[in-house]
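Below are the chains, spelled out letter by letter.
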Amino acid sequence: MAAPCYLGWDFSTQQLKVIAIDEQLRVVYEDNVHFDKDLPEFKTQGGVYIHSDRLTVTSPVLMWVKALDMILEKMKSSGFNFSQVRALSGAGQQHGSVYWKKGSIHILKNASSKLPLHQSLKACFSVSNSPIWMDSSTASQCSALEKAVGGAQHLASITGSRAYERFTGNQIAKIYSQNPEVYMQTERISLVSSFAASLFLGAYAPIDYSDGSGMNLLQIWEKVWSVSCLNACAPGLEEKLGCPVPSHSVLGPISPYYSQRYGFSPDCKIVAFTGDNPASLAGMRLQEGDIAISLGTSDTLFLWIQEPTPALEGHILCNPVDSQTYMALLCFKNGSLMRERIRDDCASGSWDEFSKALSSTVAGNNGNLGFYFDVMEITPEAVGIHRFNRDNQKVSDFPKEVEIRALIEGQFMAKRIHAEKLGYKVKGKLEVQRESPDHLTPTSLFSLLGSVVQIFTICTFSLIYMLYCIAVPRTRILATGGASHNKKILQVLSDVFNAPVYTIDTANSACLGSAYRAIHGLVAEMNVSLADVVKLAPEPRLAVTPTTGAEELYRPLLKRYAALEQKVIYNPTSSCLAK
């Protein structure tokens, strides 16, 4: 009998990817279909159509279906044994939406296994080109939604985010307002993730809590649709969306279409699909207290949060691997391109010279702080280069090595400040008040570490005190992306957050996370955590630990940086614009 395996799919912007893993979590198969290259008949660029207004961005729904047909045929030709697949799950680019025409459910359920799926479904979509995450054409719908629920902050408090043009509720509102007859012809609205799950299920798959959090429609606390948000977008919307479900839900067995055409076992289970960012959280194996930082063209933070506080910046989503907790997303547009520009200006284009400059300057940069935004930043909304000396006076330039440290420290201080605004807390291994050892008495320590004393009654006070002194932070930072290969940059990151930094390989993290979630879905109802499921996966590699005294040094600097950031936001005309 063939060894069991699990499939993870990723319906991303530019390609469809699949990974198969065995029960030891080893990748045993991977493949992809690149939309522009492999499906040229759709004439996409980067997998999308950018419309003449430069704001509207869509992708053809049938392209996604045909890509699935193509990749399954490739797997079949390679000899892949579909009968060994016990479960599958997947991810879709977040926020995109698919509109199923009335009557499509019957075609989906009864698709002939003699035909490629795209031929059976070609007349099933009331909107042939799906709005996707790159679209920014719904400014008026965003304003209307925020107004309808009592303002941007109130909307964030309900749904986890203020109104964003790419978010699905606003896209639905646009379709209803511009093409009401198309909206009325639609019997089901899916996210890209639940649409993809529907293809495998042979029925309309529900939207999961995590991807549903990126719509401006879901009450993230109660995990039900917000009636006020639905009503602000379009009539009868709840029925078209269906009921959301936990992200680990087993939706049912695979459609007979796949058993008949490809040889899948009829017992193969479909686990709810989710968004690509939530799936990446699973693929990076984040745990409670972890932060993942992707240092790429834009810098992205993924946070695992117990008690979030939604704000006007960033996004709070339901956690895809633990329904009782949350994840946060923060995006910083000025990432690697900004670092490369300062490297070119101040270090002769050399990363070695850049690293030497970081090493030659002291942590805290003698109080010099900088904000570096070549393009309009998302978090916070500001643009230009802003430099401040230790007395908070604006200055026009820094020495080159000071400029380099100001850039890196500033980027990481912004990340910690905005993570904490969303409710993230950097935690030590021992939950203690940050007081100096001079104020700690044997009584307070034994109270603090009562459980330790009960277990190890032979421990002396000096041993417990030593344990307190050497306690390492429980927060872990998992770094990925180009800059994660530079240890000097990672050292600044570690010092600013007062946490150890680990590096991880996140190639295809959404795809891999989907395969992990397929395994997890089969056992989640038995209170087995994803962490238990992925124990055999390779551990992150420890790169750097915080320098002694870093927390005391950066705590006042973080307060200064946060205060100066307000000046940068509210006084954009006073900036020293990038040269």
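Participant: What should I look at first to understand the packing of helix α16 (residues 351-360) against helix α21 (residues 487-497) in this one?
Facilitator: Two numbers describe a pair of packed helices, the interaxial angle and the distance between the axes. Between α16 and α21, the least distance of the axes is 9 Å, while the angle of their chain directions is 35°. Contact residues: α16 offers Trp351, Phe354, Ser355, Leu358 and Ser359, while α21 offers Lys488, Ile489 and Val492. By residue class, the composition of the contact of α16 with α21 is five nonpolar, two polar and one charged.

Participant: I tried to follow the packing of aromatic side chains on my own but got confused; where do I start?
Facilitator: Aromatic ring pairs are described here by two measures, namely the spacing of the ring centres and the angle between the planes. Counting across every chain of the model gives 22 aromatic pairs. Centroid distance Phe371 to Phe373: 6.4 Å. Interplanar angle 55°. Geometry classified as tilted. Each member of the pair Phe371 and Phe373 is classed as buried. Through a chain of ring-to-ring contacts, the aromatic side chains of Trp9, Tyr29, Phe80, Phe82, Phe200, Tyr257, Tyr258, Tyr262, Phe264 and Phe273 assemble into a single cluster.

Participant: Where do I start with the nonpolar core in this structure?
Facilitator: Side chains of nonpolar character tend, in soluble globular proteins, to be buried together. Counting residues in hydrophobic clusters, the biggest one holds 89 residues, and the most contacted among them are Ile172, Leu217, Leu237, Leu241, Phe354 and Phe497. Of the residues forming this core, the biggest block, 10 residues, is contributed by helix α17 (residues 400-421). For Leu241, the residues in contact, after removing those within four places along its chain, are Ile172, Arg188, Ile189, Ile207, Met215, Leu217, Trp225 and Leu230. Formed by 55 residues, the second largest nonpolar core is a distinct cluster that contains Val18, Leu39, Val61 and Ile132.

Participant: For this particular structure, what's the right way to read the environment of Leu493?
Facilitator: Summarising the element assignment, Leu493 is placed in helix α21. Since its relative accessible area comes to 0%, Leu493 is described here as buried. Separated by 200 residues in sequence, Leu493 and Ile293 have C-alpha atoms that sit 9.9 Å apart. Excluding residues within four positions of it along the chain, Leu493 makes contact with Ile293, Phe412, Ile477 and Val501.

Participant: Hey, could you run me through unusual backbone geometry in this one?
Facilitator: A negative phi angle characterises most non-glycine residues, just as the trans form characterises most peptide bonds. A cis amide bond links Thr379 to the next residue, Pro380, at an omega of 0°. With respect to the element layout, Pro380 can be found in the loop between β19 (369-373) and β20 (384-388). Phi is positive for Asn216, close to 60°, though the residue is something other than glycine. Checked against the element boundaries, Asn216 lands in the loop between α10 (209-212) and β10 (218-219). The phi dihedral of Ser348 is positive, around 55°, even though this residue is not glycine.

Participant: Explain the pattern of salt bridges to me, please; I cannot follow it from the model alone.
Facilitator: Between side chains of opposite charge, a pair can form when the charged atoms approach closely. With the rule as written, the count across this model stands at 22 salt bridges. The partner of Glu420 in a salt bridge is Arg416, with the nearest N and O atoms 2.9 Å apart. Here Glu420 pairs with Arg416, and both are found in helix α17, just four residues apart, close to one helical turn. On the accessibility criterion, Glu420 (34% relative accessible area) is partly exposed. Classification of Arg416 by relative accessible area gives buried; the value is 7%. For the salt bridge of Arg555 with Glu552, the shortest nitrogen-to-oxygen distance reads 3.9 Å. Here Arg555 pairs with Glu552, and both are found in helix α24 (residues 550-570), just three residues apart, close to one helical turn. Salt bridges sharing partners connect three or more residues here, namely Arg416, Glu420, Glu551, Glu552 and Arg555.

Rules used in this analysis
Residues numbered from 1 in each chain as written. Predicted model: local features only at pLDDT ≥ 70, side-chain atom pairs only at ≥ 80, totals over all residues. Heavy atoms only, no water. Axes fitted to C-alpha atoms, helices over the stretch in contact; angles between N-to-C directions. Helix = DSSP H or I, 4+ residues; strand = E, 2+ residues; numbered from the N terminus. Contact = heavy atoms within 4.5 Å. Nonpolar A, V, L, I, M, F, W, Y, C, P; charged D, E, K, R; others polar. Phe/Tyr/Trp six-rings, centres within 6.5 Å; stacked < 30°, edge-to-face > 60°. Buried < 20%, exposed > 50% of the residue type's maximum accessible area, 1.4 Å probe, protein only. Core = buried A, V, L, I, M, F, W, Y, C linked by side-chain atoms within 4.5 Å. Salt bridge = Lys/Arg side-chain N within 4 Å of Asp/Glu carboxyl O.

Honestly, it's all geometry; don't read function into it.
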